[in-house]
Amino acid sequence: MNEPLKTGKHPRALFVLFITEMWERFGYYLMVGILFLYLTDTRTGGMGFDNKMGADVVGTFIALVYLTPFIGGLIADRYLGYIKSIFIGGALMAAGYFCLALPGDTALYVALSLIIVGNGFFKPNISTLLGNIYNKEELKPLKDSAYNIFYMGINIGALFCNFAAAYLRNKYGWGYAFAAAGVGLTFGLIWLATQLKHVKEADIRKPMQKEDMPMSKIFMYVFLPAIIPAVIGWFLPGNIFGSDSNDAFIFACIPVVAFYVGIWRKSIGSDKKAIGALLFVFAISIIFWTIYNQNSTGLTIWAETYTDRQIPASIQSSAESIDMLQSVDATPREVPKIDEYMRAVRDDSGKVINTLGPDPYLNNLPK
């Protein structure tokens, strides 16, 4: 009879990565949760963009955040290693959050660029590090539960960041809220640095196989060709997908998709089945994440404009004492003109017509 496989217990490395990821997600979800509101705010020091521009910036940012891990993972696999990539990515993201605390368009776009690049180095590699830890025979049966526990760190960070963002934004302003994201991520990096001995052994780079494509060819055959469709999409008359940036991004994705399909076609044996399964998961994930990430734009607009956000009088004083209330008044200001269905009215050129009126939120309430 075969002896049952002896399993170990979860190592301290799981707790180390759990805390690190919790603080990283605290920073990211704090920032992305209020980004659209900051971009479209016209009353308390925001950027003053209209909803279309705000949604375009946020949507493009999120799309690029999901693209860069493709590059960051490759660089970590072949050159930098996972731990060094995590620290590089975390430092860039923290710098981006602190940069968001500064006013002006230049600071905004520099900050978002830093976060995009930093996420590419951080996000894929901390998950890979955890997977390497659980590749030991005695830990393999615990890998699924380890990732579930690890994911709870994401959820905890994503929960508590909302309270920090609300308090700091209401009490001190947008800059303090974004800076808190940078402080949180800095805590996470300091924690990882002090606990490095528990995860160092998992920083293993897989040697290149003969069928692996060199980095030079990847950039030549994937990213360089992606630039041409992106330029075409940007300058194409009209907007097929809503804006120039959307057109450019989706056009640029065509070579990337072709690259993945090409890898699947050329792979052999068990690799072909594994890659095929991943491509199927990717296809489903695209649909899911497209819907999910409406929380940063469409659902935020809905929550800001079309939901009853008044809290019961019994807890109002308590919430006010910890600066969890946003004040809305009827002081006339420049707001979009709306029709009977609460849609923005546009002129013949498609530009939103503005008029003097109260906060749009009050349009839902009895006069």
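Worth saying up front: this structure is predicted, and the values here are computed from it rather than measured.

Helix and strand counts for the protein come out as 11 helices and 2 strands. Scanning the protein from its N terminus toward the C terminus, one meets helices and strands in the order α-α-α-α-α-α-α-α-α-α-α-β-β. Here the C-alpha coordinates of the protein stretch approximately 80 × 55 × 40 Å along the principal axes. For the protein, with 367 residues in total, the buried portion stands at 36%.

In this structure, the second largest pocket encloses a volume near 220 Å³. Every residue lining the second largest pocket is counted, 13 residues in all, and those nearest its centre are Thr60, Phe61, Leu64, Tyr109 and Ile116. Of all elements in the fold, only helix H2 (51-80) and helix H4 (105-133) reach the threshold of two or more residues within the lining of the second largest pocket. Among the residues making up the lining of the second largest pocket, the classes are represented as 8 nonpolar, 4 polar and 1 charged.

Core analysis: the biggest nonpolar cluster contains 62 residues, and Leu17, Tyr28, Leu30, Met31, Leu39, Phe61 and Val199 have the highest contact counts within it. Contributing elements (two or more residues each) for this core: helix H1 (12-40), H2, helix H3 (82-100), H4, helix H5 (143-171) and helix H6 (174-194). Setting aside anything within four residues of it in sequence, one finds Tyr28 in contact with Phe61, Ile62, Val65, Met93 and Tyr97. By size, the runner-up hydrophobic cluster in this structure holds 10 residues, among which are Ile218, Val222, Phe223 and Phe259.

Considering the arrangement of structural elements, one finds Asn132 in helix H4. Polar side-chain contacts of Asn132 include one of 3.0 Å to the backbone oxygen of Ala202. In this structure Asn132 touches Tyr82, Ala202 and Ile204, once residues within four positions along its chain are discounted.

By secondary structure assignment, the location of Asn125 is in helix H4. Within polar-contact distance, the side chain of Asn125 engages the backbone oxygen of Phe121 at 2.5 Å. Not counting residues within four places of it along the chain, the set of residues in contact with Asn125 comprises Gly72, Gly73, Ala76, Tyr82, Ser85, Ile86 and Gly120.

Our focus in this paragraph is the packing of helix H8 (residues 244-266) against helix H9 (residues 269-292). Put simply, H8 and H9 touch, their axes get as near as 8 Å, and they point 155° apart. Taken together, the axis directions place H8 and H9 in an arrangement best described as roughly antiparallel. Relative to H9, the crossing made by H8 is left-handed. In contact with Tyr260, Val261, Ile263, Trp264 and Arg265 of H8, H9 contributes Lys272, Ile275, Gly276, Leu279 and Phe282. Here the contact of H8 with H9 is composed, by residue class, of 7 nonpolar, 1 polar and 2 charged.

Counted according to the given criterion, the structure contains 8 salt bridges. Residue Lys140 is joined to Glu137 by a salt bridge in which the shortest nitrogen-to-oxygen separation is 3.1 Å. When its relative accessible area of 41% is taken as the criterion, Lys140 is described as partly exposed. The salt bridge partner of Glu304 is Arg309, with a shortest N-O separation of 3.8 Å. Each of Arg43, Arg333 and Asp359 takes part in one network of salt bridges that share partners.

The next point concerns H4. Between the first and last C-alpha of H4 there are 42 Å, a value that for 29 residues agrees with the 42 Å anticipated at 1.5 Å per step. At Asn119, H4 shows its maximal kink, close to 35°.

Right, let's talk about the environment of Gly357 for a bit. Relative to the assigned elements, Gly357 resides in strand E2 (residues 354-357). As a C-alpha pair, Gly357 and Ala344 span 13 residues in sequence and 13 Å in three-dimensional space. Those residues within four positions of Gly357 in sequence are excluded, and the remaining contacts are Thr331, Pro332, Arg333 and Val335.

Counted according to the given criterion, the structure contains 18 aromatic pairs. Taking 5.3 Å as the distance between ring centres and 70° as the angle between the ring planes, the aromatic pair formed by Trp23 and Phe26 counts as edge-to-face. Residue Trp23 and its partner Phe26 are located together in helix H1, separated by 3 residues, close to a single helical turn. By relative accessible area, which is 24% here, Trp23 ends up partly exposed.

Rules behind the numbers
- Residues numbered from 1 in each chain as written.
- Predicted model: local features only at pLDDT ≥ 70, side-chain atom pairs only at ≥ 80, totals over all residues.
- Heavy atoms only, no water.
- Helix = DSSP H or I, 4+ residues; strand = E, 2+ residues; numbered from the N terminus.
- Buried < 20%, exposed > 50% of the residue type's maximum accessible area, 1.4 Å probe, protein only.
- 1 Å grid on protein atoms, 1.4 Å probe; cavity = no way out; pocket = protein on both sides within 12 Å on 5 of 7 lines; lining within 4 Å.
- Points joined across faces, edges and corners; volume = space filled by probe spheres on them.
- Nonpolar A, V, L, I, M, F, W, Y, C, P; charged D, E, K, R; others polar.
- Core = buried A, V, L, I, M, F, W, Y, C linked by side-chain atoms within 4.5 Å.
- Contact = heavy atoms within 4.5 Å.
- Polar contact = N/O pair within 3.5 Å; in protein donor to acceptor, adjacent residues only side chain to side chain.
- Axes fitted to C-alpha atoms, helices over the stretch in contact; angles between N-to-C directions.
- Parallel < 35°, antiparallel > 145°, perpendicular 65-115°, else oblique.
- Left-handed = near helix turned anticlockwise from the far one by under 90°.
- Salt bridge = Lys/Arg side-chain N within 4 Å of Asp/Glu carboxyl O.
- Expected span 1.5 Å × (residues − 1).
- Bend = angle between axes of the 7 residues up to and from the residue.
- Phe/Tyr/Trp six-rings, centres within 6.5 Å; stacked < 30°, edge-to-face > 60°.

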